[in-house]
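Residues per chain are reported as follows:
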Amino acid sequence: QASSIFILLKLKCESLGQGSFTRIFKGSKIDIRDGERHVTDVLLKELDANHKNCWEVRAAAIVTHLIMLRWSSLNLADVMVQEFVKFGALDLFLKREGSVSVSWKLDVAKQLASVLNFLEEKNITHGNICAKNLLLAREGDASQGSSPFIKLSDPGINVTMLGRDVVLDRIPWVAPEVLEAPERLELECDKWSFGATLWEIFNGGQAPLQGLDLERKLQFYETYKQLPSSEWTELADLISQCMNYQPAFRPSCRSIIRQLNSLITSGTSRELIAVKKLQ
Ligand SMILES: N#Cc1ccc(Nc2nc(N)cc(-n3cnc(CCO)c3)n2)cc1
C-alpha cells in the first residue's frame, strides 16, 4: 500500500523570492513505501488570497494518500508543489554569483533557445520567459568540466488574466503587441522575452529598466526604445533582433541558436584574448 505523507514545513524563506501573486516555500515530502522513508525536497507555490480563483491548479494525483500534516494554514487547493530545483531562480543566482564566464552564460542562453525551439515546434507559447523563471538545476563548474543545467519554470497566471498594471510592470519582458491585446499572445512574444532575458544574463541578473515607474515603462514602448546595448556588438545585435517591435521580423529559434553558436566561438576566443592581455 503506497502512501505518502506530506510534511509541509512552511519555513518562510524570504530568500526564495516570489512570483507575481505567489509566495514560495521550501518543504519536504516524505514517502513511506514498504517501511522505507524517502525524503524529497519540494517547493511550494502558494497563491495569495485574492488570486485563488484564477489559478488553474491541476490536481496532480501523484500520491495515493495525501495526508498533509499541516504546520500552517496551507490547504492543498491553493498550493502547487514543484520539484525543488537546487540552485533556484537564475536572476538571484547571477546577483549572488557576480561573475560567471561568457561561455557559461552562452551555454544557459543556448539551453533556453532550445527550450523555445521545442515549444515552437509544438506551437506552445510560454508567455512569461524571464531569468526569474529559469531555474538552475546544476551550477556547472568549468574546472570540473561540468556545465550548467537550467529548467524553465511554469508561466504562472496567464497574462490574459492579469491586470494592466501587472502587464505594464512586465515591461520589457512582455512583448509590446501583448500590451494592446493580451489574447494575441503568440510564439513571437516569447522571442521578444528571450531578448530581454539574454540582456539579464549578460547584465549580472539585474532587471532591465529597474526603477522605472509604469508611466516611463509605457513610454519606453511608445517611443520604440531599445535596452542599453552591450559593447559586444554581435550580442547586442541578437538582443535587438529578438526585441524587434514588428513580431514577424523577430528571428526564428533556429536562427537564434545559429547566432548563439557563432557567439560561442567568437565569445570564447574573445575571452582567451582578454585573459592573455591580463597575463
Ligand atoms: N537560495 C536559494 C534557493 C532558492 C530556491 C531554490 N529552488 C527553487 N525550486 C523551484 N522549483 C522554484 C524556485 N523558485 C525560485 N523563485 C521562484 C519564483 C519565480 O518562479 C521559483 N526555487 C533553490 C535554492
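In this report, the structure presented in the accompanying data block is examined.

Rules of the game
- Residues numbered from 1 in each chain as written.
- Predicted model: local features only at pLDDT ≥ 70, side-chain atom pairs only at ≥ 80, totals over all residues.
- Heavy atoms only, no water.
- Helix = DSSP H or I, 4+ residues; strand = E, 2+ residues; numbered from the N terminus.
- Buried < 20%, exposed > 50% of the residue type's maximum accessible area, 1.4 Å probe, protein only.
- Contact = heavy atoms within 4.5 Å.
- Areas by Shrake-Rupley, 256 points an atom, 1.4 Å probe, with all protein chains shown as cover.
- Salt bridge = Lys/Arg side-chain N within 4 Å of Asp/Glu carboxyl O.
- Lys, Arg positive; Asp, Glu negative; His and termini not counted.
- Phe/Tyr/Trp six-rings, centres within 6.5 Å; stacked < 30°, edge-to-face > 60°.
- Lys NZ or Arg CZ within 6 Å of the ring centre and 35° of its normal.

Let us look at the overall build of the chain. A count of helices and strands for the chain gives 8 helices and 7 strands. For the chain, with 279 residues in total, the buried portion stands at 44%. When contacts within the chain are restricted to residue pairs at least 6 apart in sequence, those whose partners lie at least 24 apart make up 65%. Surface summary for the chain: the accessible area is close to 15,100 Å², and the carbon and sulfur share equals 54%.

Glancing now at the pattern of salt bridges. Tallied over the entire structure, the rule returns 7 salt bridges. The salt bridge partner of E177 is R250, with a shortest N-O separation of 2.8 Å. Of this pair, E177 sits in helix α4 (residues 176-180) while R250 is found in the loop between α7 (233-242) and α8 (253-278), placing the two residues 73 residues apart along the sequence. In this structure, E177 and R250 share a single accessibility class: buried.

To continue, consider unusual backbone geometry. With an omega of 10°, the peptide bond between I171 and P172 qualifies as cis. When you line up the elements, P172 lands in the loop between α3 (164-169) and α4. One non-glycine residue, L209, adopts positive backbone phi at about 60°. On the secondary structure map, L209 appears in the loop between α5 (187-201) and α6 (214-222). The backbone of Y224 sits at a positive phi, close to 50°, despite the residue not being glycine. Judged by relative accessible area, which is 58%, Y224 ranks as exposed.

A separate point is the side chain of D91. Position of D91 relative to the elements: it lies in helix α1 (residues 90-97). An unpaired buried charge is present at D91: no salt bridge exists, and K132, the closest side chain of opposite charge, is 4.1 Å distant. Ignoring sequence-local partners within four residues, the contact set of D91 consists of A131, K132, E200 and G205.

Here the focus is the packing of aromatic side chains. Applying the stated rule across the entire model yields 8 aromatic pairs. Judged by centre distance (5.7 Å) and plane angle (15°), the rings of F93 and W104 are stacked. With a gap of 11 residues between them, F93 in helix α1 and W104 in helix α2 (residues 102-121) connect regions that are remote in the sequence. Its relative accessible area of 3% is what places F93 among the buried residues. Given a relative accessible area of 9%, W104 falls into the buried group. Connected via pairs of aromatic rings, a cluster forms that spans W192, F220, Y221, Y224 and Y245. Taking NZ or CZ as reference, K26 lies 4.6 Å from the ring centre of F84, over its face.

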